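# Structural features, examined
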Amino acid sequence: MISLIQRRYPDDLSEIRPRHGYEEATPGVRRIEAGRPLRWLSAGWHDLRHAPAGLLHGLMVTAIGAVIMGVLWSWPWAGVAALTGFLLVGPVLATGLNGLARSIERGETVGLRSGFGALEATGGAIWAFAALLASIFLAWTAFVWLWMGVLNVGHAGLLGPLHEALPVLLGSTSGLISLAGLVVAGAALAVVVLALSVVTIPTLLDRRTGLMTAMGTSLKALRTSPAATLIWAALITVLFAVSVATALLALIVVFPWLGYAMWHAYRDLVEPPEEAAPTT
């Protein structure tokens, strides 16, 4: 028995390694320069011109955003939380656009089926990822409501109209602390979501991997090229802010543009699968 144990385990236990570690279980990623996200936007714009069917996706997302704005118009802080949280689930909503971008890359005929069929190709993993992002969305909305309600001039839960609340918040110490905390919490949450989703959707679509492997690939991409991925997140935020400033009208174009660019980010960040060895 002792000799059997000695054969199975080395004298130095530090030599024991898992058969399949984190690095081995996920696709390889590349280290890229910080300015590369601008090329993704350029390539995404080219795809949008080539396949304007993506505008239908943008129109649908814009309609959803407009409904949210309409329902929550009387509760402006809830509306702000919902709109910013809406950005968190954007990667899942862009699944169809990744399917269109892949069809363009392959030289296939691009139609509505090319986009909406991508949901079927990702299987149940996409719905699990959607549930994860939705839970983060709900947690963020609840946090904003409670945070602003507690610190908004001391009246918990009584959030006045935005145009009345903002002067009070900007003119008081507690109000400034409240807004600063909201910005810090939002930035931290955005980094978490970026780490989990930067290439998750295209990895699920292209590699047919499990959800954990796809999210692990995103984490590895952020770790390998932090500057490029953070700049990419900043560009997404700026374009989304422009869309909000235009009452979401610009989102009709911005959303498919970013969705197409997401596919090119994946192609740049993640190494292609190794070619199978020829059989003899």
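Within every chain, residues take consecutive numbers counted from 1 along the sequence as written. Since the coordinates come from a predicted model, pLDDT governs what is reported: local features require at least 70, and pairs of side-chain atoms require 80 or more to be given and counted, while whole-chain, interface and lining totals use all residues. Only heavy atoms go into the side-chain values, all of them from the structure, while hydrogens and water stay out.

Quick look at the confidence of the model for the chain now. When the pLDDT values of the chain are averaged, the result is 79; 74% of them are 70 or greater. Values of pLDDT, which run from 0 to 100, indicate the predictor's confidence residue by residue. Whether two residues are in contact is decided by their heavy atoms, any of which lying within 4.5 Å being enough. Under a pLDDT of 50 for its full length, residues 153-158 has, in the predicted model, seven contacts with residues more than four places off or in other chains.

With that settled, the discussion passes to the packing of helix α7 (residues 95-106) against helix α16 (residues 251-269). Fitted lines through C-alpha atoms serve as axes, helices being fitted only where they are in contact, and the angles separating the N-to-C directions of these axes extend from 0 to 180 degrees. Elements are defined by DSSP. Helices are runs of H or I of four residues or more, strands are runs of E of two residues or more, and each kind is numbered from the N terminus. Where α7 meets α16, the closest approach of the two axes is 8 Å, and the angle between their N-to-C directions is 60°. In terms of orientation, α7 and α16 fall into the oblique class. Crossing hand, α7 versus α16: right-handed. Of α16, the residues touching α7 (which contributes Leu-97, Asn-98, Leu-100, Ala-101, Arg-102 and Glu-105) are Phe-255, Pro-256, Gly-259, Tyr-260, Met-262, Trp-263 and Arg-267. Three categories are distinguished: nonpolar for Ala, Val, Leu, Ile, Met, Phe, Trp, Tyr, Cys and Pro, charged for Asp, Glu, Lys and Arg, and polar for the others, with Gly belonging to the last. Across the contact of α7 with α16, the residue classes tally to eight nonpolar, two polar and three charged. By definition in this entry, angles of less than 35 degrees are roughly parallel, angles greater than 145 are roughly antiparallel, angles of 65 to 115 are roughly perpendicular, and the rest are oblique. Note on convention: near helix rotated counterclockwise from far helix by under a right angle means a left-handed crossing. Clockwise means right-handed.

Next up on the list: the packing of helix α3 (residues 36-50) against α16. Where α3 meets α16, the closest approach of the two axes is 7 Å, and the angle between their N-to-C directions is 125°. As summarised for this structure, α3 and α16 are arranged oblique, according to the angle between their axes. You can see that α3 and α16 cross each other, and the crossing is right-handed. Across the interface between the two elements, Arg-36, Trp-40, Leu-41, Ala-43, Gly-44, Trp-45, Asp-47 and Leu-48 of α3 pack against Val-253, Pro-256, Trp-257, Leu-258, Tyr-260, Ala-261, His-264, Ala-265, Asp-268 and Leu-269 of α16.

Let us now look at the pattern of salt bridges. Any carboxyl oxygen of Asp or Glu within 4 Å of a side-chain nitrogen of Lys or Arg constitutes a salt bridge here. Enumeration according to the criterion identifies seven salt bridges in this entry. Across the pair Arg-106 and Glu-108 runs a salt bridge, and its minimum N-O distance is 3.8 Å. Categorising residues by exposure relies on relative accessible area from a 1.4 Å probe, with only protein chains included: less than 20% of the type maximum marks a residue as buried, more than 50% marks it as exposed, and the intermediate range marks it as partly exposed. With relative accessibility at 39%, the residue Glu-108 sits in the partly exposed group. In this structure, Asp-206 and Arg-207 form a salt bridge, with 4.0 Å as the shortest nitrogen-oxygen distance. Accessibility expressed as a relative area gives 21% for Arg-207, which makes it partly exposed.

By convention, a stacked pair of Phe, Tyr or Trp rings (six-membered ring in the case of Trp) has centres within 6.5 Å and planes under 30 degrees apart, an edge-to-face pair has planes over 60 apart, and any other such pair is tilted. Under the definition given, this model contains four aromatic pairs. A centroid spacing of 5.2 Å and a plane angle of 70° characterise the contact between Trp-45 and Trp-257, whose relative ring orientation is edge-to-face. Of this pair, Trp-45 sits in helix α3 while Trp-257 sits in helix α16; the two residues are 212 residues apart in sequence, bridging distant segments of the chain. Trp-45 sits in the partly exposed class, given a relative accessible area of 38%.

Once rolled over the atoms, a probe with the size of a water molecule shows which space is left empty. Grid points spaced at 1 Å and placed over the protein atoms alone form the basis of the search, with a cavity being a set where a 1.4 Å probe fits but cannot get out and a pocket an open set showing protein on both sides within 12 Å along at least five of seven lines. Lining residues have an atom within 4 Å of a point. Grid points are joined across faces, edges and corners, and a volume is the space filled by probe spheres set on the points. Its boundaries defined by the atoms lining it, the largest pocket holds a volume of some 1100 Å³. In terms of lining, the largest pocket is formed by 44 residues, of which the most central are Thr-84, Leu-87, Ala-190, Thr-237 and Phe-240. With 11 residues, the single largest contributor to the lining of the largest pocket is helix α12 (residues 173-197). In the lining of the largest pocket, the residues fall into 37 nonpolar, seven polar and no charged.

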